[in-house]
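Listed here are the chains, written in short residue letters.
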There are 2 protein chains.
Amino acid sequence: MLKYIFFDIDDTLFPSTEFAKRARRNAVRAMVGLGLPHSEKQLTESLMKIIKGKGSNYPKHFDVLLEEYNVKKPARYIAAAVAAYHDTKTSIQPFPDALRTLLKLKEKGYRLCIATNGRSLKQWDKLIRLGIVLYFDEVFVSETEGVEKSKAFFRKVFGKLKAKPSECLMVGDREDADIIPAKNAGMHTVKALYGKEGKPTKADFGIRKLSSLLTIVERL
Amino acid sequence: MLKYIFFDIDDTLFPSTEFAKRARRNAVRAMVGLGLPHSEKQLTESLMKIIKGKGSNYPKHFDVLLEEYNVKKPARYIAAAVAAYHDTKTSIQPFPDALRTLLKLKEKGYRLCIATNGRSLKQWDKLIRLGIVLYFDEVFVSETEGVEKSKAFFRKVFGKLKAKPSECLMVGDREDADIIPAKNAGMHTVKALYGKEGKPTKADFGIRKLSSLLTIVERL
C-alpha cells in the first residue's frame, strides 16, 4: 500500500527552468539599463557560456562576465544584476495546481517528502519561497544525505523512515536523476512530463500536470 | 563656491538602523514560525550578541545562532531566516524627502557623490534598491578606495575629481566617520542629526531632515 510520496522540486513543483531564464534576462537588462554598453543578446550568450562552464551553483557568474568585457568599475553592474536576479528568483511560484494537489494528498493521509539533489540551503529556500514547506513531513537533500539521488540515497531514506520501497512513490521530471534511481531502489515512479524532458520514460506513469497524480495514487 | 555634495548612505539617505532591526526581527519570527522552540526575545538577544561579536558583514550569523541552540537540522531555519532577512533588506526605502531633495540639488547644478565606508557591492546594492543610483555622478566606497573615510580618503577623491576641498560638502550622520574626516580634509560639513547620534557636533551645520540641506547650500 502506498504511504510515502516523494517529490523532486525543480521543474516538478515549480517551473524552475523558466524562472532561471527570466532571472538571467532581468539581470542582463538591469546591467544594460545602468549603462553597460553591450547588447542584451550578446551579454546573455556570454553569461550562458559562463554558467555552463562554472556550473549553476558558482556564486560569481556576473563578476566573470564583467571581467570578460573588461569593465573597469564592475560593482554597480554586479549589484544591479544580483538584485534583479534575486528579485526574480525570490518571486518563484508553484505550478498552478501544486498547492491543491499537495493538500488533497495530505487529506488522503499520505506522507509527503522531498527528495532533491542540490545544496541544502538553496533547496529549503525554494520550499519556503514557494509557500509549500509545511506540506512536507520530511525533506531529503543530497548535500545533507551525502549522496545524490541514487539507490544508495533512497536506501538511506527508507532506513530513516522505516519505510518499504513498495510503499513509496517518486515523482520527478528527470529520467536519470529521478526515475532510474527510484526504480533501482524498488519504488513506484511517476514522471513529470511537463518538465525539461518529457517522453520517453521508464516510469510507471507519466503525467502532463501535477494534479493527475491524484488519480494515479488511487491505483497503487 | 560649492560644486560637489558628498553623501553618506546609511542613516543619512535611508533609515538603515531601523531596517536592520526590522530585518532581524522578521528573520527571528520566520524561524519561530517554522517551529524553532525558543522565544523571539531570547533568540533576538542571542543574535545581537553574535552580530556584535562577528561584525555585521559576517555572512553566517544564523548558522552560529542555531549552532548555539544545538539545532540538529538547521537548514530549514537558516533558509527561512535568510529569506525573511533579505526580503526586508531589499525593501529599503529612502527617507521620505530624499528623492525630492536630491532632484532639487541636481536641478541647481551640483555634482552629487557618495562617500561611504563598507563593501562595494553592498553599498551599490543599497543605491540600486533605494532607486537613487542615477542621481549620483560618482560613488566612492572605502573598499574600492582602499581606505576608510579619512583625510587620505578625501584627498584621493579630490584628486580623481580635480576638486578643491572648499568646493565640497560632506553630509553624514556619524561624527567620527563623516564629520571629523571631512573637516580634516578641509570640506564643508553637515551632520544628519536624524541619524544614530544627533548632537553635539563639530559640523558647520546640523539638519533634522534631509531637505533642510536645500537652504544650507544657498549660504555656501
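Residues numbered from 1 in each chain as written. Chains lettered and ligands numbered in written order. Predicted model: local features only at pLDDT ≥ 70, side-chain atom pairs only at ≥ 80, totals over all residues. Heavy atoms only, no water.

Draft legend 1. Just the sheet that holds strand β1 (residues 4-7) of chain B, in detail. Residue and element names in this part refer to chain B. The six strands lie next to each other as β3-β2-β1-β4-β5-β6, forming an open sheet whose pairing is parallel. In the strand order of this sheet, the two ends are held by β3 (138-141) and β6 (205-207), each with one partner. Neighbouring strand axes in the sheet, compared pairwise and without regard to direction, differ in orientation by 20° on average. Sheet analysis places strand β2 (residues 111-116) next to β3, joined by four bridges and oriented parallel. If you follow Thr116 over to β3, its bridge partner there is Val141. Where helix α6 (residues 120-129) meets the sheet, its contacts fall on β2 and β3, and the angle it forms with β3 comes to roughly 140°. Across the sheet, helix α9 (residues 175-184) is in contact with β4 (168-172) and β5 (188-192); its angle to β5 comes to roughly 165°. (Pairing = 2+ DSSP bridges. Helix = DSSP H or I, 4+ residues; strand = E, 2+ residues; numbered from the N terminus. Axes fitted to C-alpha atoms, helices over the stretch in contact; angles between N-to-C directions. Contact = heavy atoms within 4.5 Å.)

Draft legend 2. The arrangement of the relation of the copies chain B and chain A in detail. Mapping chain B onto chain A calls for a screw motion: a turn of 180° about the axis and a shift of 0.0 Å along it, with 0.0 Å RMSD after fitting. In short, the pair behaves as if placed about a two-fold rotation axis. Most of the interface of chain B is mirrored in chain A, where 100% of its interface residues are also at the interface. (Least-squares fit on C-alpha atoms with pLDDT ≥ 70 in both.)

Draft legend 3. Fine view of helix α1 (residues 16-33) of chain A. All names here are of chain A. Between its first and last C-alpha atoms α1 spans 25 Å; for 18 residues at 1.5 Å apiece the expected length is 26 Å, and the two agree. The complete set of buried residues in α1 reads Ser16, Phe19, Ala20, Ala23, Arg24, Ala27, Val28 and Met31. Following α1 by one or two positions, Gly35 adopts a phi angle in the positive range, close to 110°. (Expected span 1.5 Å × (residues − 1). Buried < 20%, exposed > 50% of the residue type's maximum accessible area, 1.4 Å probe, protein only.)

Draft legend 4. The interface of chain B and chain A, seen in detail. Taken residue by residue, the interface counts 19 residues in chain B and 19 residues in chain A. Around 1600 Å² of area is buried between chain B and chain A when both sides are counted, 68% of it from carbon and sulfur atoms. When residues of chain B are sorted by the area they lose upon contact with chain A, Leu121, Trp124 and Arg129 of chain B head the list and together hold 28% of the total. Summed over the shared surface of chain B and chain A, the number is four salt bridges. (Buried area = accessible area lost by both parts, 1.4 Å probe. Salt bridge = Lys/Arg side-chain N within 4 Å of Asp/Glu carboxyl O.)

Draft legend 5. Inspection of the packing of aromatic side chains at higher detail. Summed over the entire model, instances satisfying the criterion amount to 16 aromatic pairs over all chains. Seen from their ring centres, Phe14 of chain A and Phe19 of chain A are 6.3 Å apart, and the 40° between their planes marks the pair as tilted. The same class applies to Phe14 of chain A and to Phe19 of chain A, which are both buried. An aromatic cluster of at least three residues, connected via ring pairs, comprises Phe6, Phe140, Phe153, Phe154 and Phe158 of chain A. Across from the ring centre of Phe19 of chain B, 4.6 Å away, lies the NZ or CZ of Arg22 of chain B, which sits over that ring. (Phe/Tyr/Trp six-rings, centres within 6.5 Å; stacked < 30°, edge-to-face > 60°. Lys NZ or Arg CZ within 6 Å of the ring centre and 35° of its normal.)

Draft legend 6. Focus on the environment of Ser142 of chain B. Residue and element names in this part refer to chain B. With respect to the secondary-structure elements, Ser142 resides in helix α7 (residues 142-145). Judged by relative accessible area, which is 6%, Ser142 ranks as buried. For the pair Ser142 and Arg155, spaced 13 residues apart in sequence, the C-alpha separation works out to 13 Å.

Draft legend 7. Quick look at the packing of α1 of chain A against helix α4 (residues 75-89) of chain A. Residues and elements named next belong to chain A. In the contact formed by α1 and α4, the axes pass within 8 Å of each other and the chain directions differ by 150°. Classified by the angle between their axes, α1 and α4 sit roughly antiparallel to one another. Considering only the axes of α1 and α4, their crossing is right-handed. Seen from α1, the contacting residues are Phe19, Ala20, Arg22, Ala23, Arg24, Asn26, Ala27, Ala30 and Met31; seen from α4, they are Tyr77, Ala80, Ala81, Ala84, Tyr85, Thr88 and Lys89. Of the residues that constitute the contact of α1 with α4, the class distribution is eleven nonpolar, two polar and three charged. (Parallel < 35°, antiparallel > 145°, perpendicular 65-115°, else oblique. Left-handed = near helix turned anticlockwise from the far one by under 90°. Nonpolar A, V, L, I, M, F, W, Y, C, P; charged D, E, K, R; others polar.)

Draft legend 8. Broad picture of the pattern of salt bridges. The tally for this structure, following the rule as stated, stands at 38 salt bridges over all chains. In this structure, Glu138 of chain A engages Lys73 of chain B in a salt bridge whose closest nitrogen and oxygen atoms are separated by 3.6 Å. One end of the pair, Glu138 of chain A, is in strand β3 (residues 138-141); the other, Lys73 of chain B, is in the loop between α3 (61-68) and α4 (75-89), on a second chain. For Lys191 of chain B, the salt bridge goes to Glu197 of chain B, with nearest N and O atoms at 3.1 Å. Shared partners join several salt bridges into a network, and the residues in it are Arg174, Glu175, Asp176, Lys191 and Glu197 of chain A.

Draft legend 9. Quick look at the sheet that holds strand β5 (residues 188-192) of chain A. All names here are of chain A. Ordered in space as β3-β2-β1-β4-β5-β6, the six strands form an open sheet in which the pairing is parallel. The open sheet is flanked by β3 and β6 (205-207), the only strands paired with a single partner. Looking at each pair of strands side by side, their axes are set apart by 20° on average, direction ignored. On top of the sheet, helix α8 (residues 151-161) reaches β1 (4-7), β2 (111-116), β3 and β4 (168-172); it is set at about 155° to β3, its chief contact.

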